[in-house]
Amino acid sequence: MLPDLLSFSRMSNQQGSITSTSAKPVQSESGESQCTEENFYRNCRAAYLTVFGTSLENIISKDQLCLVLQQAGRNPSRKTLGKYWTQYTTKLNFDDFCEILKNEKLTGKNELTKAFKKLDLSNDGYIMHEELYKVLTTKGERMTHEEVKMIMDEADVNNDGKLDYNEFCKLFLATVERSQKTAVARLEANAKMKQQQFGSLTAASLQCSFLPSSKSLLGTSRNPETEIIPRKVDSRLSSRPSSARSRKASISSTISMGATSTKCLKLTEPKAIKNWQHAWSKGCFFLEEDGGIVSHRYRLELHQTTNVFLTIRPLNLSQTEEKLSPWMDVDTALYVLKNADGSEALEVVCATELWEKEKFGWKGELRSGVYHLLPFTSGCRLRKRRKSVTREARLVHREDGNLALTKEFRAALSDIFEVIDLDGNGLLSFEEYNFFELRTSGEKCDSEAWVVCQENFDTKKNELTRQGFMDLNLMEANDRDGDPRDLWVTLESMGYSKTLEMHEACPFVINIHAEESQLKLTPISLKVGGSLLNSAISKSVISKGEAKTMKNYNNLVIHIYKTETRITSVIENKSETKVIVHVNNEQNKNCVSSRGLSIFAVEVAPRSTTVCQHVMPVNEKLEWIYCCTESVVT
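Residues numbered from 1 in each chain as written. Predicted model: local features only at pLDDT ≥ 70, side-chain atom pairs only at ≥ 80, totals over all residues. Heavy atoms only, no water.

Undergrad: Describe in detail the overall build of the protein chain, supporting the description with residues and values.
TA: The helix and strand inventory of the protein chain stands at 17 helices and 25 strands. Summarising the internal contacts of the protein chain: among those between residues at least 6 apart in sequence, 74% fall at separations of at least 24. Summed over all atoms, the accessible surface of the protein chain reaches about 31200 Å², with 48% contributed by carbon and sulfur. (Helix = DSSP H or I, 4+ residues; strand = E, 2+ residues; numbered from the N terminus. Contact = heavy atoms within 4.5 Å. Areas by Shrake-Rupley, 256 points an atom, 1.4 Å probe, with all protein chains shown as cover.)

If you want it as structure tokens, here you go:
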């Protein structure tokens, strides 16, 4: 990957001309690791304050993230940026920025030189302007004609129509280093001024101010309606509401549930289903860093009123019958919504509650029209794994001097292909590939880039083959000269661990049968559950569950709905002020909560409802007891 040449030009203009004799190597990765923690955060803060007025300001766009990373000596690719700034991210703070810098290496001369050498066709240390112009305007992260001209004017010091890239790399790194030194000097000057103005501040306290206040999760923002207070990454003790607060009302619920029957046959297919119209699609649940769950969404079109049989279940990717995929015990459900008559508001029509083994379904009559299908999993069994990694899988190796994908990586890519091939035809359409791009980089592939992809990789019927998909990833490895970082970004986005196991994703398959109507099922988006799914679940629980009013607090109602496999609680706040509810699950037995904690707090906005938690048995073969106490915190 070429360095961000445009940012070099801007920094160079800001810093003034820099000669190669003044250049010193940018501090190496090993050198940075030897810095004290205070120095590391000082450098982080200096880079941050180059872009922002204060470290309390947030990064609010991907462009800002890119700029501040460049000020810290990094050269992030589009995919690397997408790892930290996803389609659901709204802001990152200074603490997030520090965590990113710990993960991303400094840009070094060898990395830059290797990138330029790929364009040096004559191997003489120079690149013709025409070739560089073509690359910068047509490939990768494309620049405009004006931006390229600005770079050419800055970089071609001899005006001979070609670029001495070895000299340019020295200038580039020296410019970055000088920018960093200037930022640190400015920070230290400001600190000295403050110390002179406020004599009570000691040098030690100033150094402490460089340290981030907490370690926060990267990349995604939470839905304020369902946020746990404080954030889940804090210690369990800190997740408890302060003891200084009082609880003026509480309510307790105890439900004993028997062992789940493995012979349950509630879900039965209609007798003549083979003669019904059929549509199906694959999809996937992806676990986000903050515990949110992203999944595909669908549109269902029915041409006339008809009986319908619909199901959802986890998709088994295992090649052996003896060993199923590890996510096969993840609970799934499907909510069917439709616009209310004469309104844009969506109303819940039905949800899958009948079940047999890992498959959940619904059957009944649906009127003609367009429906929205929202897949759902509670998150009880799709959770973050914190096991220490003893061995990181190899992704690439060399065969006869050429890079090749390892057998383990090819197997993982083959499974990923199966997941993103939503219609199961063995090929990736433009739409299917874009869902993959959206998930792994946060951006869609445009039609021009797709044409380039078709021209360079194996396709059939204008769709990408499995081999073409493999070669696409091999090209990415070659572009990085074997550096697997961008490949790991892809894998982690798809739910893979460093041992190439898919632990934080659950593929699923949806089947729709209609007795007397043509039907069409179309994947339309890839989104986090959010307020729409929260509303659908809340309405379903309120209409079917048991309601308990909080004693001495009549405006707060706890709704509990149980099925044989799951218990869901919803908090309804009828008052005009927000309410914080303390939830205690410590008396539960053989249970796992979607919140991942025994004690937590939920903030409920005025005149609103929110899902409190889902609870499932840890071991379905044993009895499980739900025993929960909710208290109002004041």
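Undergrad: Give me the lowdown on the packing of helix H12 (residues 407-420) against helix H15 (residues 466-479), citing residues and values where you can.
TA: Relative to each other, H12 and H15 sit at 125°, their axes nearing to 10 Å. Here H15 runs oblique to H12, going by the angle between their axes. Here the hand of the crossing between H12 and H15 comes out right-handed. For the pair formed by H12 and H15, the contact residues are Arg410, Leu413, Ser414, Ile416, Phe417, Glu418 and Ile420 on the first element and Arg466, Gln467, Phe469, Met470 and Asn473 on the second. Considered class by class, the residues forming the contact of H12 with H15 number 6 nonpolar, 3 polar and 3 charged. (Axes fitted to C-alpha atoms, helices over the stretch in contact; angles between N-to-C directions. Parallel < 35°, antiparallel > 145°, perpendicular 65-115°, else oblique. Left-handed = near helix turned anticlockwise from the far one by under 90°. Nonpolar A, V, L, I, M, F, W, Y, C, P; charged D, E, K, R; others polar.)

Undergrad: Talk me through H15; I want residue IDs and the actual numbers.
TA: A rise of 1.5 Å per residue sets the reference length of H15, with its 14 residues, at 20 Å; its end C-alpha atoms lie 20 Å apart and thus fit the reference within 8%. Taken residue by residue, H15 has Gly468, Phe469, Met470, Leu472, Asn473, Glu476 and Ala477 as its buried positions. At the C-terminal side of H15, Asp481 shows a positive phi close to 55°. (Expected span 1.5 Å × (residues − 1). Buried < 20%, exposed > 50% of the residue type's maximum accessible area, 1.4 Å probe, protein only.)

Undergrad: Can you lay out the nonpolar core for me, pointing to particular residues and giving the numbers?
TA: Counting residues in hydrophobic clusters, the biggest one holds 71 residues, and the most contacted among them are Leu373, Ile416, Leu464, Phe469, Leu491 and Ile512. Not counting residues within four places of it along the chain, the set of residues in contact with Ile512 comprises Gln277, His278, Ala279, Leu300, Val308, Phe309, Leu310, Leu373, Leu519 and Leu521. The next biggest cluster of nonpolar side chains, apart from the first, holds 25 residues, and it includes Ile255, Met257, Leu597 and Phe600. (Core = buried A, V, L, I, M, F, W, Y, C linked by side-chain atoms within 4.5 Å.)

Undergrad: Please give an account of the confidence of the model for the protein chain that cites residues and values.
TA: Mean pLDDT for the protein chain: 80, with 78% of residues reaching 70 or above. Mean pLDDT across the elements of the protein chain bottoms out in helix H11 (residues 203-208) (39) and peaks in strand S16 (residues 505-514) (97). Confidence drops under a pLDDT of 50 for residues 6-35, and excluding neighbours within four residues, the segment shows 49 contacts in the predicted structure. Contacts from residues 194-245, a stretch scored under 50 in pLDDT, to residues over four places away or in other chains number 97 contacts. (pLDDT = per-residue confidence, 0-100.)

Undergrad: A description of the sheet that holds strand S22 (residues 591-593) should follow, citing residues and the corresponding values.
TA: The 5 strands lie next to each other as S18-S19-S20-S24-S22, forming an open sheet whose pairing is antiparallel. The open sheet is flanked by strand S18 (546-550) and S22, the only strands paired with a single partner. Here the strands of the sheet are splayed against their neighbours by 25° on average, with no regard to which way each runs. With 3 bridges joining them, S22 and strand S24 (residues 608-617) adopt antiparallel strand pairing. Of the residues in S24, the one forming a bridge with Cys591 is Pro617. (Pairing = 2+ DSSP bridges.)

Undergrad: Help me get a handle on the pairing of strand S11 (residues 369-376), residues and values and all.
TA: As paired strands, strand S5 (residues 293-302) and S11 are joined by 5 bridges and run antiparallel to one another. The partner of Glu301 across the bridge, within S11, is Val370. Relative to S11, strand S7 (residues 333-339) runs antiparallel, the two sharing 5 bridges. Note that in S11 the partner of Val336 across the bridge is Leu373.

Undergrad: Just give me the short version of the pattern of salt bridges, but keep the residues and values in it.
TA: Opposite charge on two side chains permits them to pair, given that their charged atoms come into close proximity. Per the stated rule, a full pass over the model turns up 16 salt bridges. With a closest N to O distance of 3.5 Å, Arg299 and Glu301 form a salt bridge. Residue class for Arg299 comes out partly exposed when judged on its relative accessible area of 29%. On the basis of relative accessibility, which here comes to 23%, the residue Glu301 falls in the partly exposed class. With its nearest N and O atoms 3.1 Å apart, the salt bridge here joins Arg566 to Asp331. Here Arg566 is found in the loop between strand S19 (553-562) and strand S20 (567-573), whereas its partner Asp331 is found in the loop between strand S6 (306-314) and S7, with 235 residues between them in sequence. By sharing partners, the salt bridges in this structure join Lys83, Glu492 and Lys498 into a single network. (Salt bridge = Lys/Arg side-chain N within 4 Å of Asp/Glu carboxyl O.)

Undergrad: Now, about helix H6 (residues 94-103): what can you tell me, with residues and values included?
TA: Counting buried residues along H6, 8 of its 10 residues qualify, which places the element largely inside the surrounding structure. Among all positions in H6, only Phe94, Asp95, Asp96, Phe97, Cys98, Glu99, Ile100 and Leu101 are buried. Regarding H6, its N-cap is Asn93, as a side-chain oxygen of that residue lies 3.0 Å from the backbone nitrogen of Asp95 further along. (Polar contact = N/O pair within 3.5 Å; in protein donor to acceptor, adjacent residues only side chain to side chain.)

Undergrad: Tell me about empty space enclosed by the protein, and please be specific about residues and values.
TA: For the structure on display, the rule yields 6 cavities of 30 Å³ or more. Roughly 190 Å³ of internal volume is contained in the largest cavity. Taken together, 16 residues form the lining of the largest cavity, with Tyr335, Glu353, Tyr561, Thr563 and Arg566 sitting closest to its centre. Of all elements in the fold, only S7 and helix H17 (530-544) reach the threshold of two or more residues within the lining of the largest cavity. Sort the elements by how many residues they give to the lining of the largest cavity and H17 lands first, with 3 residues. For the lining of the largest cavity, the per-class residue count stands at 8 nonpolar, 6 polar and 2 charged. Counted as a void, the second largest cavity has a volume near 130 Å³. For the second largest cavity, the lining is made up of 14 residues, of which Asn75, Pro76, Glu104, Lys105 and Arg485 are closest to its centre. (1 Å grid on protein atoms, 1.4 Å probe; cavity = no way out; pocket = protein on both sides within 12 Å on 5 of 7 lines; lining within 4 Å. Points joined across faces, edges and corners; volume = space filled by probe spheres on them.)

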